[in-house]
Amino acid sequence: MSSPSVDETGRTYRGAGPRQRQEDRRVRLVDAAVEVFGTSGYRTATIEKICSTAGLTKRYFYESFDDSEALLLAAYGSVTDRLRDSVLRGAADGADLDARVRGALTAFFESVADDPRIPRIAFQEVLGVGPEVDVAYRRVTRSFVDAVLVVIGPAVDRTAFPDPHLRTLATGLVGAVLMIAQQWVLAENPQPIESVIASAHTILSAVLGKLGPHPM
């Protein structure tokens, strides 16, 4: 027998308390935003469309978000978290630096290719929205730099390349890979993914081969 419905008190509903139910609704809205922003775009989307896709009323939208830009930030965080996590997972089993880099690049570009909503939100829909989104864009870029440092750090001669220098180099590598990915998904006749990964690897290996005692 199912538990009875209750109002927004501290009591539970079907095993979930009010805070859990609110978080579940927020997740549904973010998932709906990824779908809508990633297919038809942020600028043409409406709160009504998001709520309809999530199966919720506008009341619940404003329970979690002040406006559509706040939801865009949440959707952007969701898709870029997926991309960054794919980089770290792809690099995790590499026996040496080259294997880690190839694994990271392969996982990254496969994630971009497998779900077109991700690159649309990450590379297109967040551009030119406003100052708060621009701040988030820079913060996300720094998080990808951190991920690159995790991948390459063990193989780098840190006495020759102190942290500030290495972070600058990692920032350049992130910028190169993100630009390759952006132009790839926007191309009318995109190259095969194997060629794109190979091109990105050529750039990274040219730099990383100079950073440590272990050749790529």
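Every value quoted in this text rests on a predicted model; they were computed, and no experiment measured them. (Residues numbered from 1 in each chain as written. Predicted model: local features only at pLDDT ≥ 70, side-chain atom pairs only at ≥ 80, totals over all residues. Heavy atoms only, no water.)

Novice: Could you clarify how one ought to interpret the overall build of the chain in this entry?
Specialist: In terms of helices and strands, the chain carries 9 helices and 0 strands. Secondary structure elements in the chain, listed N-terminal to C-terminal, are α-α-α-α-α-α-α-α-α. Put simply, the chain has 216 residues, and 41% of those count as buried. In the chain, once contacts between residues fewer than 6 apart in sequence are set aside, the share between residues at least 24 apart is 66%. Considering the chain, the positive charge centre built from 24 side chains and the negative charge centre built from 27 side chains are found 4 Å apart. (Helix = DSSP H or I, 4+ residues; strand = E, 2+ residues; numbered from the N terminus. Buried < 20%, exposed > 50% of the residue type's maximum accessible area, 1.4 Å probe, protein only. Contact = heavy atoms within 4.5 Å. Lys, Arg positive; Asp, Glu negative; His and termini not counted. Charge placed at Lys NZ, Arg CZ, Asp CG, Glu CD.)

Novice: Can you help me understand empty space enclosed by the protein in this one?
Specialist: In this approach, a probe sized like a water molecule rolls over the atoms, and the result shows the empty space that is left. Counted according to the given criterion, the structure contains 2 cavities of 30 Å³ or more. The space that makes up the largest cavity amounts to roughly 230 Å³. If you go around the largest cavity, you meet 16 residues; those closest to its centre are Val87, Leu105, Val148, Val177 and Leu204. Looking at the lining of the largest cavity, the elements with two or more residues in it are helix H5 (97-114), helix H7 (131-152), helix H8 (163-186) and helix H9 (193-208). Per-element accounting of the lining of the largest cavity gives the leading share, 5 residues, to H7. (1 Å grid on protein atoms, 1.4 Å probe; cavity = no way out; pocket = protein on both sides within 12 Å on 5 of 7 lines; lining within 4 Å. Points joined across faces, edges and corners; volume = space filled by probe spheres on them.)

Novice: Mind showing me how you'd approach the packing of helix H1 (residues 18-39) against helix H4 (residues 68-92) here?
Specialist: Where H1 meets H4, the axes come as close as 9 Å, and the angle between the chain directions of the two elements is 85 degrees. Comparing their axes, H4 and H1 come out roughly perpendicular. For the pair H1 and H4, the contacting residues are Arg26, Leu29, Val30, Ala33, Val34 and Phe37 in the first and Ser68, Leu71, Leu72, Ala74, Ala75, Ser78, Val79 and Arg82 in the second. Each residue belonging to the contact of H1 with H4 can be placed in one class, and the counts come to 10 nonpolar, 2 polar and 2 charged. (Axes fitted to C-alpha atoms, helices over the stretch in contact; angles between N-to-C directions. Parallel < 35°, antiparallel > 145°, perpendicular 65-115°, else oblique. Nonpolar A, V, L, I, M, F, W, Y, C, P; charged D, E, K, R; others polar.)

Scope: geometric values only; no functional claims are made or implied.
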